[in-house]
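Listed below, chain by chain, are the residues.
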Amino acid sequence: MSSAVAPIPAPRSTPAAAPRRWQLRRERHPEWWLWVVAVAGGWVLVSEFLVGVPAAPAAGSGHGGHVHGGAPSIGAPVGLWTHAVAWLAMIAVMVPLITANVRFAARRSPRRARAAVTRNVVAGWAIVWVGAAIGLGVGGWLLIGVFGDLLAIALLTVAAVGWQHAPLKRRSLARCHGVLAPPLDRRRSRRACRGYGVGLGRDCVLSCWPLMALMAVAAHNPLVVASTVGVAWYERVRRPHHDPATRETSVAIVVIGVLALVSVYLIAHLGNGSPPVPGST
Amino acid sequence: MIVATRRAAWRSGSPDGWHDDFIWYAAAIHQMKALTPGLDDFLQILQDALAGLPTPGGDPVAELAAIAQQWGDPMSLGYQSQVHGTFVDKADWPSHNGQQALWRECAHNHWFFLPWHRAYLVEFEEVVRAHIAQLGGPAEEWALPYWNFTDHAADSARLALPLPLQGDTLPAGVVVPGVPPRADGTFPNPLFNPTRLGPDPNSGTEWATATTALLRPHYANQEDTGRVSFGGGVLEDPNNAALFHRTSNEIGQLDAQPHGSTHNEVNGAMALFETAALDPVFWIHHSNVDRLWETYAHDLGHGYPFQAGAGSGTQAHQSWTTKEFRFRRADGTTRTWKSPDVLIIKNLGYEYDTTAAPPLPAVTPTPPAGSGIDPFGVAEGAPEPLAEAGPVSPAEDLEVTLSGGGDADQEVGVDAFPDSARWVLRFDGIRSGNPTRTSYHVFIGLPPGAEADPADTEHYAGLLSLFGVREASRDDGTSAGDGQRRQLDVTEQVSAQAATFRPLAAQVRLTATNPGRDLSGVQLSIERITLEFA
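All of the points below concern the structure found in this document. Counting starts from 1 at the beginning of each chain's written sequence and moves along it residue by residue. The naming scheme follows written order: chains are lettered A onward, ligands numbered 1 onward. Reporting of local features is limited, given that this is a predicted model, to residues whose pLDDT is at least 70; pairs of side-chain atoms are given and counted only at 80 or more, and all residues count toward the totals for whole chains, interfaces and linings. Hydrogens are left out, water is left out, and the side-chain values use all remaining heavy atoms of the structure.

**Notes on the interface of chain B and chain A**
Rules: A contact between two residues is defined here by any heavy atoms of the two lying within 4.5 Å. Summed over both partners, the accessible area (1.4 Å probe) lost when two parts come together is defined as the buried area. Put simply, a salt bridge is a Lys or Arg side-chain nitrogen that is within 4 Å of an Asp or Glu carboxyl oxygen. Polar contacts here mean pairs of N or O atoms no more than 3.5 Å apart (in protein, one a potential hydrogen donor and the other a potential acceptor; neighbouring residues in sequence count only if both atoms are side-chain atoms). Numbering of helices and strands starts at the N terminus; helices are DSSP runs of H or I of at least 4 residues and strands are runs of E of at least 2.
Facing the 52 residues of chain B at the interface are 42 residues of chain A. At the boundary of chain B with chain A, total buried surface from both sides reaches about 3,900 Å², with 49% on carbon and sulfur atoms. On inspection of chain B and its partner chain A, the count reaches 5 salt bridges. The partner of Arg170(A) in a salt bridge is Asp89(B), with the nearest N and O atoms 3.2 Å apart. Linking chain B with chain A are 11 residue pairs in polar contact (both at pLDDT 80 or more), by the criterion used here. Secondary structure elements with two or more residues in the side of chain B that touches chain A: helix 7 (241–247), strand 7 (384–389), strand 9 (423–431) and strand 14 (525–533) of chain B. A total of 5 residues in the side of chain B that touches chain A trace back to one element, the largest contributor, which is strand 7 of chain B.

**Here's the deal with the packing of aromatic side chains**
Residues and elements named next belong to chain B. Here is the rule: In this scheme Phe, Tyr and Trp rings, the latter by its six-membered ring, pair at centre separations within 6.5 Å, and the angle between planes marks the pair as stacked below 30 degrees, edge-to-face above 60, and tilted otherwise. Three exposure classes are used, based on accessible area relative to the maximum for each residue type with a 1.4 Å probe and protein chains only: buried under 20%, partly exposed in between, and exposed over 50%.
Counted by the stated rule, this structure contains 36 aromatic pairs over all chains. A centroid spacing of 6.2 Å and a plane angle of 25° characterise the contact between tyrosine 25 and tryptophan 142, whose relative ring orientation is stacked. With a gap of 117 residues between them, tyrosine 25 in helix 1 (residues 20–34) and tryptophan 142 in the loop between helix 5 (113–134) and helix 6 (211–214) connect regions that are remote in the sequence. Of the two residues examined, tyrosine 25 and tryptophan 142, each falls in the buried class. Look at phenylalanine 124 and tryptophan 283: their rings are 3.6 Å apart centre to centre, the planes differ by 5°, and that puts the pair in the stacked class. Of this pair, phenylalanine 124 sits in helix 5 while tryptophan 283 sits in helix 9 (residues 280–299), and the two are 159 residues apart along the sequence. An identical accessibility class is assigned to phenylalanine 124 and tryptophan 283; each is buried. Three or more aromatic residues joined by ring pairs make a cluster, and in this case those are Trp111, Phe112, Tyr219, Phe230, Phe244, Trp293, Tyr296, Tyr304, Phe306, Trp320 and Phe325.

**Focus on the environment of Leu504(B)**
Residues and elements named next belong to chain B. The topology assignment puts leucine 504 in the loop between helix 11 (491–496) and strand 13 (505–512). You can call leucine 504 buried: its relative accessible area is 0%. Through-space distance from the C-alpha of leucine 504 to that of leucine 386 is 6.6 Å; in sequence the pair is 118 residues apart.

What follows is the structure, given as structure tokens:
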């Protein structure tokens, strides 16, 4: 057989044993490990928030830094590494949004290829998000540098609400439901799955970029992240083509924005003993 | 409660077919059309667009939406049709009695297809009865007739539209209350729709055949098991509206054929979710589909999901019992149904004159392993794809070889697989650039050049029905744009060809059921065709 060979099943002389319950469950959910990744991401975010990083001067603003309740300010160069980890963790907690897509592609593939299919789709998706994270991270950093934490959060909240009403957002969200039945040929499958993952990542980024940026400028606050993932999840299980639910999600985003503002304000206040001046944190 | 009887459209008693139930149906439809502003313009634009002709504004979807957003009255045909599907954005849905319309609610491609449409018919029937009452007719005794096309073995005339739906003018002597004469003294037929293309007398009987569906051993398969069932795949999450409304993975056999294939066969307005229910044939077609569910549940002894107690407490059971179907009513209230509410039809105020099954094979196919243990296939794995072809773009006919493995594997026979293997022929990523105009006969293992005859049970795998494909192909924010999926159980065909069939080099042929229609502009494509076994 060539490397592209689909497996020849067991001949009748060796009938397959009845699968155990856990095997069936695992077969039904070849994407199970994505949930582990998401939980790990959540754990990282909470840990960073609780453990915290030292206060540092805010880049670009020229003003004294402050402690974000232990969470890193995106404007703090000393927290660059922490920010990178936090971004990866944020991407990780978004992974459950594509489990249905991954599951479909895997279950439309031969058993022995399902793990690779899952990896390839997720890899394509993650690559786009990592690239977007760099762009959004730098953008957020500049935004904070110019406007300060609070105004940056306010601006991104407005942008996120506005984006909910954009036709491109609606189309991207609808496309997030797209599925792929990969080719059986191993090489073609790899290419198709990565390409599909990239397309999925593109649509996810187009759909959710303001929310991700908001999470970042809110210093990856786990509460803000959890609420934002909740909004994204809600959008996915709604019918975007039937009911974009823009009113509901807009209200939710405003609430999240307020939550982010309050948390950043309070944390800064508690950390410095005095409230930050809006626009000059 | 009075229990009204839904009767066969093709029945004796009236030489012109205009039985009383059709007279009053037509009378009510006339009233409902009168409450639907711009309907004639809508149908003209639709007809032009379907024929590929330019429309006045150059954007038929926008033009149709602009008209449909006036249809806010639940007593109108326009409103009722848009419950099934609409081109109108939700922000533009009209209000009536202080409540915004509740449109685009239809359920296809999964196990809620049948209960949702049953509730839809009950709601529609009440509207029709209200109109009949206003006209002084026998509202309480009236029930929707059904188009008994699936009983074509008894009389092939039933493959044609029932007589009252044919022709734009009422026959002499037929009086429909409330319908005024035209200037020339003739009376328009409210049950006529000018956009229809069929049924085509040369397209065979398969589009109207329910045998394959009625022989399925399960009502539904567990979510994503990728098999073939009578009613469609389970949706475990009742709150996942995205899955509910378009993108689930397993269409029920009845949903595909004869339901979807009949939509395709009649075509015109019937070819699209957004316009199908504007054609009066839609309702009597679905009445028959609903009747076939009764046939399956009662006459064939399968019961309803969870009726026997199996599966209670599962996620599927939770979903089945809690998923709500909501309908806005003329008085501004909203009625909510759940699947268990619609299972006893006498409680809904109707029954059928007969639910007897059409002739079925004396020897029915062996149910798959596990059928007796779990009716929903929880204990079964997903089929394993072996051989593939694609992407392909069928027009009239298409012949492809599904291949898998290396050169040395091409001669592997069926005997290399377990005796209990079930075989599935799957079509993924079915897309079209325009509304589909035909279904396709599917043959497997047919040698190149051999005649393709649906009567050839050894090679004929079934019908590839395409209703809903266009809607799932739109990439404008109304769908994911990834098309639809279909699957056929070809276990019997593979077994019949066991001596010669080569699973890793399987011939598949598609032939259009309506080759006489212009299929060139449909732009149909299929991303992947696979032969799978489990």
